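A closer look at the structure
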Amino acid sequence: MSYVVRSNSPSRQGHADITINVHQKLPRICIRCGDSTKRVSPLRYKDAYTEVNPYDWARATPFMIFIPFFQIIAHVLILARIWQAIEKRWNRRKASTNDLTFKIPHCLSCSKKRPIIQRHFDFHGRNMIVDAHPAFRGSLS
Ligand SMILES: [Zn+2]
């Protein structure tokens, strides 16, 4: 069961998009129906890190090792590959410590029937744009 859906469908009457920062203190008002609630739906985001490998080292390295002329290049490639592995691990660790959790006020009945509508999510900016009930918006400002 997911508490959130991504949607670009038009907002219902009175509803509008708002930007929520992960550190922001949110009112105790359900974002979907506007009722008072202490319940929150935690939205967790693991990382924005994706493994991008611009070069196919796996294919290039064994081929080059068997050609003496390219031995120096092969060594450079191996070093680059080791460095890349270290960097990858480091990035992964960095990403995992940067997990984001948004605690969005969301009453029990809405959490079952009406998921939070997310318009946009920005990991690096630590914010997201969600559709919000007018009462929620009103108490934010
Ligand atoms: Zn609700």
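Right above here is the structure, for reference.
In this report, we go over the structure that sits alongside the text. (Residues numbered from 1 in each chain as written. Predicted model: local features only at pLDDT ≥ 70, side-chain atom pairs only at ≥ 80, totals over all residues. Heavy atoms only, no water.)

Considerations on the pattern of salt bridges
Side chains that carry opposite charge are capable of pairing whenever their charged atoms lie near each other. One pass over the structure, following the stated rule, counts three salt bridges. We note a salt bridge from D131 to R32, for which the minimum N-O separation is 2.8 Å. Separated by 99 residues along the polypeptide, D131 in strand β6 (residues 127-132) and R32 in the loop between β2 (16-21) and β3 (40-45) bring together distant segments of the chain. Like R32, D131 is buried. In this structure, the salt-bridge partner of D131 is R119, at a minimum N-O distance of 3.5 Å. Note that D131 is positioned in strand β6 and R119 in strand β5 (residues 116-122), a separation of 12 residues in sequence. For D131, a relative accessible area of 2% translates into the label buried. Residues joined by salt bridges that share partners form a network here, namely D17, R32, R119 and D131. (Salt bridge = Lys/Arg side-chain N within 4 Å of Asp/Glu carboxyl O. Helix = DSSP H or I, 4+ residues; strand = E, 2+ residues; numbered from the N terminus. Buried < 20%, exposed > 50% of the residue type's maximum accessible area, 1.4 Å probe, protein only.)

Things to note about the sheet that holds strand β1 (residues 4-6)
Strands sit in the order β1-β5-β6-β2 across an open sheet of four strands; the sheet is mixed. Each edge of the open sheet carries a strand with a single partner, namely β1 and β2. Each neighbouring strand pair of the sheet contributes to a mean axis angle of 40°, computed without reference to strand direction. As paired strands, β2 and β6 are joined by six bridges and run antiparallel to one another. Note that in β6 the partner of A16 across the bridge is A132. (Pairing = 2+ DSSP bridges. Axes fitted to C-alpha atoms, helices over the stretch in contact; angles between N-to-C directions.)

With respect to the coordination of the zinc ion
Within the first shell, the zinc ion binds the protein through C30 (SG), C33 (SG), C107 (SG) and C110 (SG), at distances of 2.2 to 2.3 Å. Read from N- to C-terminus, the donor residues coordinating the zinc ion fall into the pattern C-x2-C-x73-C-x2-C. In this pair, C33 is assigned in the loop between β2 and β3 and C107 in the loop between β4 (100-105) and α3 (108-113), connecting sequence segments 74 residues apart. C107 sits in the buried class, given a relative accessible area of 10%. (Donors = N, O, S within 2.8 Å, 3.2 Å for Na, K, Ca; no water.)

On their own, these measurements won't tell you what the molecule is for.
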